[in-house]
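The residues making up each chain are set out below.
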Amino acid sequence: MSLDLESISEASSGAIGALVSTTILYPLDTCKAKYQAEVRAHGQQKYRNLSDVLWEAISTRQVLSLYQGLGTKNLQSFIAQFVYFYGYSYFKRLYLERSGSKSIGTKANLLIAATAGACTAITTQPLDTASSRMQTSAFGKSKGLWLTLTEGSWSEAFDGLGISLLLTSNPAIQYTVFDQLKQRLLKRKQNKAEKGSSPEALSAFSAFVLGAVSKSIATVLTYPAIRCKVMIQAADSSDDGTKKPTRRPHKTLSGVIYAIWKKEGVLGFFKGLHAQILKTVLSSALLLMIKEKITATTWVLILAVR
């Protein structure tokens, strides 16, 4: 069975885009994760605003700790985006070949994106769990990847997998919206262009805007699940990194939902939404912009080394 070079090209460019965007926005991601992970009754909150997390890092001279877990997060992002884009591109091409259609409808696109997302979640869940624990650890007390993963049982490395599978709807919605908007925009440009001219490509600005819009829609629709997932994967707040590793109390989805409802009310399910939108929109927009710009180059390189 021959390699699907076009899918590899899509996957490689997507993974590189994820690596760059993750690194650039990582301090914001760390602040967001620590802010989301805290659940306390009103009047007892350590972080009242996202900026409080940043100020804690500055005041304790732990600014570099905003990058704790960056290596693990980059590894997880690279693998996740490679698997996702490869799966998405491969399943899309397979669908077109089997169905004989020239385009993919919205329902089929959602199904393909969800399937690719499920493959990604299962493959990268241990790294996702580890990076979340490292980010939400006390500043300067983050442990290495291996120690983080081996503190508990192997099954604990898959904490949040159920929600991760549920959240495959997030990239499914995002990339479906992005693809539909992209096709309409390119079709409009092609209609305006003279016949015989080469197909238009998305400009960096257009890719950025479409990426931001598509991710905003997906984030708002799935945010309660996103926050529950962060809380399930978060490091134990009582673990300051100085004690011997102990078994983490098992966190369940029902327990997290009850804690949010009891201590913060309905609005608690949307705590940190603005931070999530800011981070994910910028990250996804940068990822898609970079991907659109380097896909052609990646394709040429793959053909050159074939």
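The preceding data block contains the structure.
Bear in mind that the values here come from a model prediction, so they are computed numbers and not experimental data.

All right, on to the overall build of the protein then. Scanning the protein from terminus to terminus reveals eleven helices and zero strands. Taken from N to C terminus, the helices and strands of the protein fall in the order α-α-α-α-α-α-α-α-α-α-α. Evaluated residue by residue, the protein yields a buried proportion of 47% over its 306 residues. Partitioning the intrachain contacts of the protein with sequence separation of at least 6 by distance along the chain shows that 82% fall at a separation of at least 24.

Our focus in this paragraph is the packing of helix α8 (residues 169–192) against helix α9 (residues 204–233). Running from N to C, α8 and α9 point in directions that differ by 155°, and their axes come no closer than 8 Å. As summarised for this structure, α8 and α9 are arranged roughly antiparallel, according to the angle between their axes. The hand of the α8/α9 crossing is right-handed. Residue classes in the contact of α8 with α9 are distributed as twelve nonpolar, eight polar and three charged.

Bringing the packing of helix α2 (residues 26–37) against helix α3 (residues 50–59) into the picture now. The contact between α2 and α3 brings their axes to 9 Å, and the two run at 115°. If you check the angle between α2 and α3, you find them roughly perpendicular. The two elements α2 and α3 cross, and the hand of that crossing is right-handed. Of the residues in α3, those touching α2 at Leu28, Cys31, Lys32, Lys34 and Tyr35 are Leu50, Val53, Leu54 and Glu56. Within the contact of α2 with α3, the residues separate by chemical class into six nonpolar, no polar and three charged.

As a further point, take the nonpolar core. Counting 19 residues, the largest nonpolar core has Tyr84, Phe85, Tyr88, Tyr175, Leu202, Leu287 and Leu288 as its most contacted members. Counting residues per element, the ones that place at least two in this core are α1 (5–24), α4 (70–99), α5 (106–136), α8, α9 and α11 (273–305). Not counting chain neighbours up to four residues away, the residues in contact with leucine 202 comprise Phe178, Lys182, Leu185, Leu186, Ala207, Leu210, Glu292 and Lys293. By size, the runner-up hydrophobic cluster in this structure holds 13 residues, among which are Met231, Ile232, Ile260 and Phe269.

So, about α8. Side chains of residues three or four places apart in an α-helix project in the same direction, reflecting 3.6 residues per turn. Given a rise of 1.5 Å per residue, 24 residues ought to cover 34 Å, and the 35 Å separating the end C-alpha atoms of α8 matches this to within 8%. Turning to α8, its buried residues are Asn170, Pro171, Ala172, Gln174, Tyr175, Thr176, Phe178, Asp179 and Leu186.

Here arginine 227 lies in helix α9. Side-chain polar atoms of arginine 227 contact the backbone oxygen of glutamate 38, separated by 2.7 Å. Among the polar contacts made by the side chain of arginine 227, one reaches the main-chain carbonyl oxygen of glycine 268 at a distance of 2.6 Å. Discounting residues that sit within four places of it in the chain, arginine 227 has contacts with Gln36, Glu38, Val39, Ile260, Glu264, Gly268, Phe269 and Lys271.

This paragraph deals with the pattern of salt bridges. Enumeration according to the criterion identifies ten salt bridges in this entry. We note a salt bridge from aspartate 29 to lysine 32, for which the minimum N-O separation is 3.5 Å. Here aspartate 29 pairs with lysine 32, and both are found in helix α2, just three residues apart, close to one helical turn. Of the charged contacts, one joins glutamate 56 and lysine 46 as a salt bridge, the two residues approaching to 3.1 Å between their closest N and O atoms. One end of the pair, glutamate 56, is in helix α3; the other, lysine 46, is in the loop between α2 and α3, with ten residues separating them in the sequence. Taken together, the salt bridges that share partners define one network made up of Asp29, Lys32, Lys73 and Lys279.

All right, on to the packing of aromatic side chains then. What the rule picks out here adds up to six aromatic pairs. Centre to centre, the rings of tyrosine 90 and phenylalanine 91 are 5.9 Å apart; their planes meet at 65°, and the pair counts as edge-to-face. With a relative accessible area of 26%, phenylalanine 91 lands in the partly exposed category. Each ring, one from tyrosine 223 and one from phenylalanine 270, has its centre 6.3 Å from the other, and the planes form 25°; the classification is stacked. Separated by 47 residues along the polypeptide, tyrosine 223 in helix α9 and phenylalanine 270 in the loop between α10 (253–264) and α11 bring together distant segments of the chain.

We now examine unusual backbone geometry. In this structure, arginine 61 is a non-glycine residue whose phi angle is positive, near 55°. Structurally, arginine 61 can be placed in the loop between α3 and α4. Taking the relative accessible area as the measure of exposure, arginine 61 reaches 79% and is therefore exposed.

Along the polypeptide, phenylalanine 158 turns up in the loop between α6 (145–150) and α7 (161–166). Judged by its relative accessible area of 25%, phenylalanine 158 is partly exposed. Residues phenylalanine 158 and glutamine 125, spaced 33 residues apart in sequence, show a C-alpha to C-alpha distance of 5.7 Å.

Another aspect to go through is the environment of glycine 17. Residue placement: glycine 17 occurs in helix α1. Its relative accessible area of 0% is what places glycine 17 among the buried residues. Between the alpha carbons of glycine 17 and lysine 291 there is a distance of 5.5 Å; along the sequence they are 274 residues apart. For glycine 17, the contacting residues outside a window of four places in its chain are Leu287 and Ile290.

Cut-offs used in this document
Residues numbered from 1 in each chain as written. Predicted model: local features only at pLDDT ≥ 70, side-chain atom pairs only at ≥ 80, totals over all residues. Heavy atoms only, no water. Helix = DSSP H or I, 4+ residues; strand = E, 2+ residues; numbered from the N terminus. Buried < 20%, exposed > 50% of the residue type's maximum accessible area, 1.4 Å probe, protein only. Contact = heavy atoms within 4.5 Å. Axes fitted to C-alpha atoms, helices over the stretch in contact; angles between N-to-C directions. Parallel < 35°, antiparallel > 145°, perpendicular 65-115°, else oblique. Left-handed = near helix turned anticlockwise from the far one by under 90°. Nonpolar A, V, L, I, M, F, W, Y, C, P; charged D, E, K, R; others polar. Core = buried A, V, L, I, M, F, W, Y, C linked by side-chain atoms within 4.5 Å. Expected span 1.5 Å × (residues − 1). Polar contact = N/O pair within 3.5 Å; in protein donor to acceptor, adjacent residues only side chain to side chain. Salt bridge = Lys/Arg side-chain N within 4 Å of Asp/Glu carboxyl O. Phe/Tyr/Trp six-rings, centres within 6.5 Å; stacked < 30°, edge-to-face > 60°.

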